[in-house]
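Here is how the chains run, residue by residue.
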Amino acid sequence: MKIRIYYEDTDAAGIVYHTNFIKYCERARSELFFQEGFHKNNNKDEHFVVRHIVSDFVQVAFLGDIIEVKTEIVERKNTSVILKHSIVRDNELICTFDVVLVYVKNYKAIPIPDKIFQVLENKK
């Protein structure tokens, strides 16, 4: 997913504020499901929650840049999945996030349905 950097994304120096990169990853994950017709109203009781995030900041991004969030499955488990989000600008790595997501129903971990993994695996 490509994202343009706007004023609201930056600090006083025109550099993307670090926590905004987490938002971009969330948008990219959400967009994968929106494109397949999944959204919160489809299944109100089941969804992912973030359990853990590890970040690695390599470069900065600036006002006006167009960045891309790439997502891949690192490890698939029964009730959780580890994703790696890589944020790049012109194929130059800006940062990465390893995110552990747990699938829950009524806030209790449950097995992730195959249809959910298929959306993550068939990403563009």
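As the structure is a prediction and not an experimental result, all values here were calculated from the model.

Looking only at helices and strands, one finds two helices and six strands in the chain. In the chain, the succession of α and β elements from N to C terminus is β-α-β-β-β-β-β-α. A compact globule built from 124 residues would reach a C-alpha radius of gyration of about 14 Å, and the chain, at 15 Å, matches this within 12%. Seen along its three principal axes, the alpha-carbon backbone of the chain occupies a region of about 45 × 25 × 25 Å. Evaluated residue by residue, the chain yields a buried proportion of 36% over its 124 residues. Roughly 7700 Å² of accessible area belongs to the chain as shown, and the carbon and sulfur atoms make up 49% of that amount. Counting 18 positive and 18 negative side-chain charges, the chain places the centres of these two groups 6 Å from one another.

In this structure, Phe-21, Tyr-24, Ile-67 and Ile-87 are the most contacted members of the largest nonpolar core, which totals 26 residues. Elements that contribute at least two residues to this core include exactly α1 (18–35), β3 (66–76), β4 (80–89), β5 (92–105) and α2 (114–121). Among all residues touching Tyr-24, those that are not within four sequence positions of it are Ile-3, Ile-5, Asp-9, Val-16, Ile-67 and Val-69.

Attention now goes to unusual backbone geometry. Phi at Asp-90 is positive, roughly 50°, even though this residue is not glycine. One non-glycine residue, Asn-91, lies in the positive phi region at around 65°. Residue position: Asn-91 is located in the loop between β4 and β5.

Cut-off values and rules
- Residues numbered from 1 in each chain as written.
- Predicted model: local features only at pLDDT ≥ 70, side-chain atom pairs only at ≥ 80, totals over all residues.
- Heavy atoms only, no water.
- Helix = DSSP H or I, 4+ residues; strand = E, 2+ residues; numbered from the N terminus.
- Rg over C-alpha atoms; globule rule 2.2 N^0.38 Å.
- Buried < 20%, exposed > 50% of the residue type's maximum accessible area, 1.4 Å probe, protein only.
- Areas by Shrake-Rupley, 256 points an atom, 1.4 Å probe, with all protein chains shown as cover.
- Lys, Arg positive; Asp, Glu negative; His and termini not counted.
- Charge placed at Lys NZ, Arg CZ, Asp CG, Glu CD.
- Core = buried A, V, L, I, M, F, W, Y, C linked by side-chain atoms within 4.5 Å.
- Contact = heavy atoms within 4.5 Å.

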